[in-house]
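Spelled out, the chains give:
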Amino acid sequence: MRAAHYERTGPAAEVLHVGEVDRPEPGPGEVRARVTVSAINPTDVKSRAGVTPRPIEELQIPHQDGAGVIDAVGAGVDPGRVGERVWLWLAATRRWGTAAEYTVVPAEQAVALPDGVSDELGASLGVPAVTAHHALFADGPLAGASVLVAGGAGAVGHFAIQLAKRAGARVATTVSGPEKAELARAAGADLVVNYHDADAADRLHDWAPRVDRVVEVDLGANLDLDLRLAGPGTSVVVYAATPEDPTLPVRRCMTANVVLRFMLLYGIPREDLLRSVDEVAAAAAAGALSELPAHRFALDDIVAAHEAAESGVVGKVFVRP
């Protein structure tokens with residue numbers, strides 16, 4: 001089969017290659033899927049670049065998320081799943097990421113894709129939507145709650161807005177410009193604030209003097225704002241790291257009685273991870289989740305696809321094997 005792969009980490013143009021590799025066979029409890037769409041997340045770029053290195057056994061096919069059709073199953077898996085459209089998550093925690101014609105994953109990591117859900121939306125759900133769900137609900141339900149989503153035009157922010165609204169929360173979000181503001185409004189945010197505006201903090205405070213949950217992409221840049229909106233019962237959930245670690249104002253954190261929660265998708269207990277996957281699948285089936293702007297590349301253009309993702313394009317970058 002044709003696949004993109006790398007044998008060492010580094011810049012995309014130096015380490016990514018496209019060529020023939022052996023097609024994997026599903027083992028016990030596994031399925032093989034013919035990949036129709038592979039999605040790129042920041043974690044995929046960081047792994048390839050060596051920012052978050054993991055051991056490489058001969059080669060690594062990149063990309064955690066994708067969508068496709070099951071074409072073979074291993075022992076212990078219902079043969080009736082052959083031909084099922086699925087979305088795939090955390091495929092690249094092993095060798096067989098989704099940037100290939102075929103991938104093999106444990107059966108529970110290939111989730112049925114309803115007829116009304118496109119392959120590209122399915123390929124977008126894994127890392128971003130599951131991260132968003134865990135960040136929102138790790139500290140309890142949200143019905144009637146006030147939620148602040150930092151970076152509402154990003155993939156995690158986009159799905160956080162929609163999952164929170166589906167749960168009955170009021171949602172405000174911060175963005176950096178007009179294009180991103182339109183995306184956040186389209187996702188369903190009740191209040192969209194450009195964080196460059198001088199009155200951004202005042203507008204958010206007027207909307208909700210205390211928020212119940214903050215889904216945070218950049219704690220160092222946003223901690224002052226988060227603490228202004230925090231009080232007893234507020235959880236600030238941080239899902240991304242920045243190059244410089246922030247300094248915590250401990251007295252302000254204590255005074256606010258704020259909870260700081262840090263999460264990394266790969267370390268979430270399996271039962272919690274599967275609960276979030278089930279809830280994301282239900283939201284997609286209900287039509288509660290929508291697509292982001294798409295940037296599409298062929299497999300042979302994998303380097304350009306990674307460079308586009310690194311450049312911070314608005315929306316999702318897809319590779320079609």
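In this numbering scheme, every chain counts its residues from 1 along its sequence in written order. pLDDT decides what is reported in this predicted model: residues at 70 or higher carry local features, side-chain atom pairs at 80 or more are listed and counted, and totals for whole chains, interfaces and linings draw on all residues regardless. By convention in this description, side-chain values take in all heavy atoms of the structure and omit both hydrogens and water.

- Taking an unreviewed UniProt entry as the reference, the chain is identified by name as Zinc-binding dehydrogenase belonging to Acidiferrimicrobium australe.

1. Concerning the overall build of the chain
Thinking step 1. Looking only at helices and strands, the chain has 10 helices and 15 strands in total.
Thinking step 2. Structurally, the chain occupies a C-alpha span of about 55 × 40 × 35 Å along its principal axes.
Thinking step 3. Per-residue burial over the chain gives 53% buried out of 321 residues.
Thinking step 4. Contacts are assigned to residue pairs that have any heavy atoms within 4.5 Å of one another. In the chain, once contacts between residues fewer than 6 apart in sequence are set aside, the share between residues at least 24 apart is 68%.
Thinking step 5. One way to put it: in the chain the 29 positive side-chain charges average out to a point 3 Å from where the 42 negative ones average out. Strands are runs of DSSP state E lasting at least two residues, helices are runs of H or I lasting at least four, and both sets are numbered from the N terminus onward. The buried label applies to any residue whose accessible area, calculated with a 1.4 Å probe on protein chains only, is under 20% of its type's maximum; exposed applies above 50%, and partly exposed to all values in between. By the counting scheme adopted, Arg and Lys are positive, Glu and Asp are negative, and His together with the chain ends is not counted. Charge positions are represented by NZ for Lys, CZ for Arg, CG for Asp and CD for Glu.

2. So, unusual backbone geometry
Thinking step 1. Although it is not a glycine, His-63 sits at a positive phi angle of roughly 90°.
Thinking step 2. With respect to the helices and strands, the residue His-63 is situated in the loop between α2 (42-49) and β4 (65-73).
Thinking step 3. For Asn-257, which is not glycine, the phi torsion reads 55° and is therefore positive.

3. Details of a nonpolar patch on the surface
Thinking step 1. There is a patch of nonpolar side chains on the surface, built from Leu-248, Val-250 and Met-254 and spanning about 270 Å² of accessible area.
Thinking step 2. Take Leu-248: it is sitting in the loop between β12 (235-238) and α8 (250-256). Exposure above 30% relative accessible area and no salt bridge define the residues that can form patches, which grow by joining like charges within 9 Å and nonpolar side chains of Val, Leu, Ile, Met, Phe, Trp and Tyr within 5 Å. Residue-level accessible areas treat just the shown protein chains as cover; the underlying method is Shrake-Rupley with a 1.4 Å probe. When a carboxyl oxygen of Asp or Glu lies within 4 Å of a side-chain nitrogen of Lys or Arg, that pair is called a salt bridge.

4. A few points about the sheet that holds strand β10 (residues 191-194)
Thinking step 1. Overall, parallel pairing links the six strands, which are arranged β10-β9-β8-β11-β12-β13 in an open sheet. Bordering the open sheet on either side are β10 and β13 (259-262), each of which pairs with just one other strand. Taken pair by pair, the neighbouring strands of this sheet meet at an average axis angle of 15°, ignoring direction.
Thinking step 2. Pairing between strand β11 (residues 213-216) and β12: four bridges, direction parallel. From the neighbouring strand, Val-215 faces β12, where its bridge partner is Val-237.
Thinking step 3. Every axis in this analysis is a line fitted to C-alpha atoms, fitted for helices over the stretch in contact. Angles between the N-to-C directions lie between 0 and 180 degrees. Across the face of the sheet, helix α3 (residues 119-137) comes into contact with β8 (146-150), β11 and β12 while running at roughly 150° to β11.
Thinking step 4. Docked against the sheet, helix α5 (residues 178-187) engages β9 (170-175) and β10, running at close to 165° with respect to β9. By this definition, two strands are paired if DSSP reports at least two bridges between them.

5. Considerations on the UniProt feature "domain: Enoyl reductase (ER)" (unreviewed entry) in the chain
Thinking step 1. Under the present numbering, the feature "domain: Enoyl reductase (ER)" (unreviewed entry) in UniProt falls on residues 12-319.
Thinking step 2. Secondary structure across residues 12-319 divides into 33% helix and 23% strand, with the first and last C-alpha atoms of the span separated by 14 Å. UniProt positions are given in the numbering used here, feature names are shortened, and annotations may be inferred rather than shown by experiment.

6. Notes on the pattern of salt bridges
Thinking step 1. Enumeration according to the criterion identifies 17 salt bridges in this entry.
Thinking step 2. Among the ionic pairs, Glu-108 bridges to Arg-270, the shortest N-O distance being 2.5 Å. Residue Glu-108 is found in the loop between β6 (102-106) and β7 (110-112), and its partner Arg-270 is found in helix α9 (residues 270-285); the two are separated by 162 residues along the sequence.
Thinking step 3. Look at Glu-108 and you get partly exposed, because its relative accessible area is 40%.
Thinking step 4. The partly exposed category is assigned to Arg-270, whose relative accessible area is 34%.
Thinking step 5. The partner of Arg-228 in a salt bridge is Asp-202, and the shortest N-O contact between them spans 2.8 Å. One end of the pair, Arg-228, is in helix α7 (residues 219-228); the other, Asp-202, is in helix α6 (residues 200-207), and 26 residues separate them in sequence.
Thinking step 6. Residue class for Asp-202 comes out partly exposed when judged on its relative accessible area of 39%.
Thinking step 7. Three or more residues joined by partner-sharing salt bridges are found here, namely Glu-25, Arg-32 and Asp-71.

7. Observations regarding the packing of α3 against helix α4 (residues 155-166)
Thinking step 1. Packing of α3 against α4 brings their axes to within 8 Å, and their N-to-C directions diverge by 65°. In the crossing of α3 with α4, the sense of the turn from one axis to the other is right-handed. Residue-level contacts link Leu-121, Ser-124, Leu-125, Pro-128, Ala-129, Thr-131, Ala-132, His-133, Leu-136 and Phe-137 of α3 to Ala-155, Val-156, Phe-159, Ala-160, Leu-163 and Ala-164 of α4. Here a crossing is called left-handed whenever its near helix is offset anticlockwise from the far helix by less than a right angle, and right-handed whenever the offset is clockwise.

8. Quick word on the packing of α3 against α9
Thinking step 1. One way to put it is that α3 packs onto α9 with a least axis distance of 9 Å and a crossing angle of 105°. With respect to α9, the element α3 is oriented roughly perpendicular. Facing Leu-125, Ala-129, Val-130, His-133 and His-134 of α3, the residues of α9 in contact are Asp-272, Leu-273, Ser-276, Val-277, Glu-279, Val-280 and Ala-284.
Thinking step 2. The nonpolar class holds Ala, Val, Leu, Ile, Met, Phe, Trp, Tyr, Cys and Pro. Asp, Glu, Lys and Arg form the charged class, and all remaining residues, Gly among them, are polar. In terms of residue class, the contact of α3 with α9 is built from seven nonpolar, three polar and two charged. When describing relative orientation, an angle under 35 degrees is termed roughly parallel and one over 145 degrees roughly antiparallel, while 65 to 115 degrees is termed roughly perpendicular and anything else oblique.

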